[in-house]
Amino acid sequence: MPDVSVNGSPARVPAGHTVADLLRAATGSPAPRGVAVALNGTVVRRADWPTTGLSEGDRVEVLTAKQGG
Amino acid sequence: MWQLAGQQLGSRLILGTGGAGSPQALERAIVASGTELVTVALRRIDAGGPGGLLDVIERCGVRVLPNTAGCYTATEAVKLAHLAREAFETGWVKLEVIGDERTLLPDAVELLAATEQLVADGFTVLPYTNDDPVLARRLADAGAAAVMPAGAPIGSGLGITNPHHIRLIRQSVEVPVVLDAGIGTASDAALAMELGCDAVLLASAVTRAADPAGMAEAMRYAVAAGRLAYESGRIPKRFYALASTVDEGRPEL
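Every chain is numbered on its own, with residues counted from 1 as its sequence reads. Throughout, the order in which chains and ligands are written sets their labels, letters from A for the former and numbers from 1 for the latter. Local features in a predicted model are, by the rule used here, given only for residues with pLDDT of at least 70; side-chain atom pairs are given and counted only at 80 or more, and totals for whole chains, interfaces and linings are based on all residues.

(A) Broad picture of the environment of Thr129 of chain B. Residues and elements named next belong to chain B. Helix numbering and strand numbering both begin at the N terminus, where a helix is a DSSP run of H or I of at least 4 residues and a strand a DSSP run of E of at least 2. Position of Thr129 among the secondary structure elements: in strand β7 (residues 124-129). A C-alpha to C-alpha distance of 28 Å links Thr129 and Ala32, two positions 97 residues apart in sequence. Contact between two residues is assigned when their C-beta atoms, built from the backbone, lie within 7 Å. Excluding anything up to four places from it in sequence, Thr129 contacts Pro106, Leu111, Leu135, Ala136, Leu139, Val147, Met148 and Pro149.

The following block contains the structure:
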């Protein structure tokens, strides 16, 4: 059960949890539209979400469109 | 019609979505503005999902231009641009690299570095820049698809504080010049176009107006009128009057 950080908040995820699993839990979809993911500051390509596992201490950022100039 | 990075656009108004009071108000403003391109930011997702901003944009049938708002270094801005490309499936980016918290004016050194990197990474880079003709040329030389000088600080509504430099920028680069930031009201947008800018990008002037849809419509006409005036050749300014009615045939009374 690795301890990770998701958008700055601590989270404990099941062993073997992937980025796609995390997105399913957060948004209801493993591949939500208009979303990007950074793992430890580096972009994770959409195609790699189902195969990118989370490890102890990982920092995940899940981003989407917000109003902005 | 005009061209931005090989794309034909009918409207010379680019609308920023920041500051709108509600998705409904934003949608009415987008429609009233006649724009074909709107900016969005990339931020942490809310609990419950991505939200409806992209739905609003899709319903309006306009293109998305992601920005890198809030970045203070080239490294940060480059990463955010890559994330935006992943999220929105577009290689276009409004590149913002801010150098000062109070004025939100660009950091020239970081901006040029980020432009060089993102051009190398295959992006269509539209940098938000200072009203500096030399920097504008450096950005264009680095491969920027347009340069977007500030008329005044973001959200200030001060208009175009250095019109002469905007005109100089228009002369120093081949790529489109988009006046970005500082517009307060319709006459500011018209002036930008009369100075020779190819387009205007504005957000707060519309989204924070008492009636956003009304101001969006005003901006639509201002940009069109300013461009038409620019193309039509204004009269020279004179110190004294020049009668438009001929003196010949004036009666003796």
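Next, the rest of the story.
(B) Molecular detail of the nonpolar core. Residues and elements named next belong to chain B. Of all hydrophobic cores here, the largest spans 100 residues; its most connected members are Leu95, Val200 and Met219. Counting residues per element, this core draws most heavily on helix α3 (residues 74-88), which supplies 9 residues. The contact partners of Leu95, leaving out residues within four places of it in the chain, are Thr68, Ala77, Ala81, Leu111, Ala114, Thr115, Leu118, Val125, Leu126, Pro127 and Tyr128. Buried Ala, Val, Leu, Ile, Met, Phe, Trp, Tyr and Cys residues form a nonpolar core when they are connected through C-beta atoms within 7 Å. Residues with at least 20 other C-beta atoms within 10 Å of their own are called buried, those with 12 or fewer are called exposed, and the rest are partly exposed. The C-beta atoms themselves are positioned from the backbone.

(C) Up close: the environment of Ala222 of chain B. Residue and element names in this part refer to chain B. On the secondary structure map, Ala222 appears in helix α9 (residues 212-232). Distance from Ala222 to Leu13, taken between C-alpha atoms, is 9.6 Å for residues 209 residues apart in sequence. When residues no more than four places from it in sequence are discounted, the contact partners of Ala222 are Ala186, Ser187, Ala189 and Ala190.

(D) Region of the structure containing the packing of α3 of chain B against helix α4 (residues 108-120) of chain B. Residue and element names in this part refer to chain B. Angles shown run from 0 to 180 degrees and are taken between the N-to-C directions of axes, each axis being a line fitted to C-alpha atoms and, for helices, limited to the stretch in contact. Between α3 and α4, the least distance of the axes is 8 Å, while the angle of their chain directions is 35°. In this structure, α3 meets α4 at a crossing whose hand is right-handed. The residues of α4 that touch α3, namely those facing Ala74, Ala77, Val78 and Ala81, are Glu110, Ala113, Ala114, Gln117 and Leu118. It is the rotation of the near helix from the far one that decides the hand of a crossing: anticlockwise by less than a right angle makes it left-handed, clockwise makes it right-handed.

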